[in-house]
Amino acid sequence: MSIPSTPELIEPSATDLAAFEALFRQSSAIGATPAGGLHRLAASAEDGQVRDLFRDWLEAHGFEVRIDAVGNLFGLMTFDPDAPYLLCGSHLDSQPSAGRFDGVYGVLAGAVAVSSLVRQLLERGEVPRCNLAVVNWTNEEGARFQPSLIGSGVFTGALTLDSAWESRDGDGIRLKDALQAIGYLGNDHVDLNIAGYVEIHVEQGAGLESSQTAIGVVRETWAALKRRVRFDGEQNHTGPTPMAARRDALLAAAHTITAVHDEALLHGVQMHSSVGRIEVYPNSPNVVPSRVSLLIEYRSRDVDLLSAASERLDATLHAIADKTMTSFEVESSVLRSPARLHDGFAALAHGVGAELGLSTTDSMTVAGHDAISLNRHYPVCLLFIPSSNGVSHNEAEYTSDQDMHNGLRMLTGLLHRACTSSASLG
Ligand SMILES: [Zn+2]
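Because the structure is predicted, anything quoted here is derived from the model rather than measured.

## Details of the domain arrangement of the protein chain
The accessible area lost on association of the parts is a frequent measure of interface size.
Right, so step 1: The assigned domain composition of the protein chain is domain 1 (14–222 + 338–420) and domain 2 (223–336).
Right, so step 2: Measuring from the centre of the C-alpha atoms in domain 1 to the corresponding centre in domain 2 gives 36 Å.
Right, so step 3: Listed by partner, the interface residues are seven residues for domain 1 and 12 residues for domain 2.
Right, so step 4: Around 720 Å² of area is buried between domain 1 and domain 2 when both sides are counted, 58% of it from carbon and sulfur atoms.
Right, so step 5: Taken as a group, Trp222, Pro338 and Val366 account for 73% of the area that domain 1 buries against domain 2, more than any other trio of residues on that side.
Right, so step 6: The tally of links between domain 1 and domain 2 comes to one salt bridge.
Right, so step 7: Here Arg301 ties to Glu220 by a salt bridge, and the two come within 2.9 Å at their closest N and O atoms.
Right, so step 8: Here domain 1 is connected to domain 2 by two residue pairs in polar contact (both at pLDDT 80 or more).
Right, so step 9: Here the residues of the side of domain 1 that touches domain 2 are counted per class, giving four nonpolar, two polar and one charged.

Right, dumping it as C-alpha cells:
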C-alpha cells in the first residue's frame, strides 16, 4: 500500500509575477493623484474604469465573470459545478486621497494567484476538491456611501439589498444609481457555496515591518463600542446673551471630545478612541448652538475595558451636562464583540509560510475588512503583508515589490493547500 504524498506546493511563475506587476501598475494609474496616491471612491467613474480593467483581465484569463445586484464582481474558475468555491479577494475602491495598495493588492493578487494555480493544476493533472474564485467587493471603504463593507454585507445577509441601494452619497446620489451609471448594477444571482475565504491585505500598521516578518496571519479583531449622543441646550444670540446664561450644546460636545480622547490615553496602547463626526444645529456663526450630536467610538481588544469606559462615559456625560446646563440623550449604543478567525485555516497558513521559507507571525486587526463580514459564516483566513511605516489611508502608503511578491507566493500556496489537502478546513 502506498502512502499518498503531498504534492509539491504550487508557486507563481516569473511570468505570473510580471503579470501581477503590470496589472498593479495599470490599476495605480486609474484615479492616480499627483503625490502618487489614489482617489477612487466607490461607484465613481474611476471605480468603473478599474472594474473594466479587472473584468477584461479575468475574461482574458479564462474566468467566468459574474456581477451581482450590489456590484460585487466575481471571477469564477469552476472544475466541478457541484463542488464548493474557495474564494479570495478584497476591494478596488479607496478613501479620498489614499494609497494604491489598500484593498487593491488583495483583489489583483487574488486574480493572479487563482489564474496561476488553475493553470498549474491542469498542467499537473491534479484535481482540487473545490472550485476557485476571486471577488472585488463593492464599497468596502464607506467613504462615499455608508456604511462600510456594503458589498460583503449584502453577500452575507448582514445588510439588505434595498438598504444598500438606498444609501446616498453627499450629493444625494443613490448607490443603486451610481452603480447603474458605471455599468456595474449587475443582475447575476451569485449564490455560491463557499468552502472558505482568503483575503490578503496591507497591514496598515508597522508591526510586520519592525519585526521584519513577511506575513501576518490575523487571528482576531478588536472589539468596538460605538455611541451616538445628543446634547440639547438653548438657541440664543451670540452677541447679547450673557455668558452665565448660556446653555451651549456645542460646548458640551467639546468637553465630551476631550474626555473621549483622555479615556483612551489612560489605557496606553490597549485602547483607541475618537469622535469622528459631529452634527451642529443650527450651525450658524452667530447663534449659540441648541443641539449637537456626536458619534463616539472606542476600540480595544478587551471588552471589559470597553464596558468600564462605557460606564465612565455615562458619569462624564452627566457631569458635562450639569456644568453646561444642557441635557443629553444616548441615541444609540452598540458594542461589537471581538471576533476570532478560523484556527485551522491560520495553522494551514503558517505551514505554507514555512514551506515557502517566508517568516509568519500571528497578527490582529483593528481596522474592519470584508474578511470580518465573511468570518461570521465561513472559515476565513486574513493575511497581512508589511506597510512601510504603517502609513495607510494616505497617499504615502507604500509596500515594496518584494513584499507584494512574497504575499502572492503565500496566497497561491495557501489556496493550493486549502483546495487540495483533505485536512484543510473541517
Ligand atoms: Zn482595505
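Having seen the model, we can carry on.
## Observations concerning the environment of Gln180
Right, so step 1: Here Gln180 shows up in helix 6 (residues 175–181).
Right, so step 2: Measuring from C-alpha to C-alpha, the distance between Gln180 and Ser337 comes to 35 Å, with 157 residues separating the pair along the chain.

## Comments concerning the UniProt feature "binding site: Zn(2+) 1" (unreviewed entry) in the protein chain
Right, so step 1: Per the UniProt entry, the sites bearing "binding site: Zn(2+) 1" (unreviewed entry) are His91, Asp102 and His201 in this numbering. In three dimensions, the annotated residues from a span of 111 residues occupy one location, with a maximal C-alpha spread of 9.7 Å.
Right, so step 2: Structurally, His91 can be placed in the loop between strand 3 (85–90) and helix 3 (104–124).
Right, so step 3: If near-sequence neighbours (up to four positions away) are discounted, His91 is found in contact with Asp102, Gly103, Val104, Val107, Asn136, Trp137, Glu140, Glu141, His201 and Asp370.
Right, so step 4: Only 2.9 Å separates the side chain of His91 from the side chain of Asp93, close enough to count as a polar contact.
Right, so step 5: You can see His201 is positioned in strand 5 (residues 194–202).
Right, so step 6: Filtering out sequence-adjacent residues up to four positions away, His201 remains in contact with Ser90, His91, Asp102, Gly103, His369, Leu382, Leu383, Phe384 and Ile385.
Right, so step 7: Within polar-contact distance, the side chain of His201 engages the side chain of Asp102 at 2.8 Å.

Here is what the cut-offs are and how they apply
Residues numbered from 1 in each chain as written. Predicted model: local features only at pLDDT ≥ 70, side-chain atom pairs only at ≥ 80, totals over all residues. Heavy atoms only, no water. Domains from an automatic or database assignment. Contact = heavy atoms within 4.5 Å. Buried area = accessible area lost by both parts, 1.4 Å probe. Salt bridge = Lys/Arg side-chain N within 4 Å of Asp/Glu carboxyl O. Polar contact = N/O pair within 3.5 Å; in protein donor to acceptor, adjacent residues only side chain to side chain. Nonpolar A, V, L, I, M, F, W, Y, C, P; charged D, E, K, R; others polar. Helix = DSSP H or I, 4+ residues; strand = E, 2+ residues; numbered from the N terminus. UniProt positions renumbered as here; feature names shortened; annotations may be inferred.

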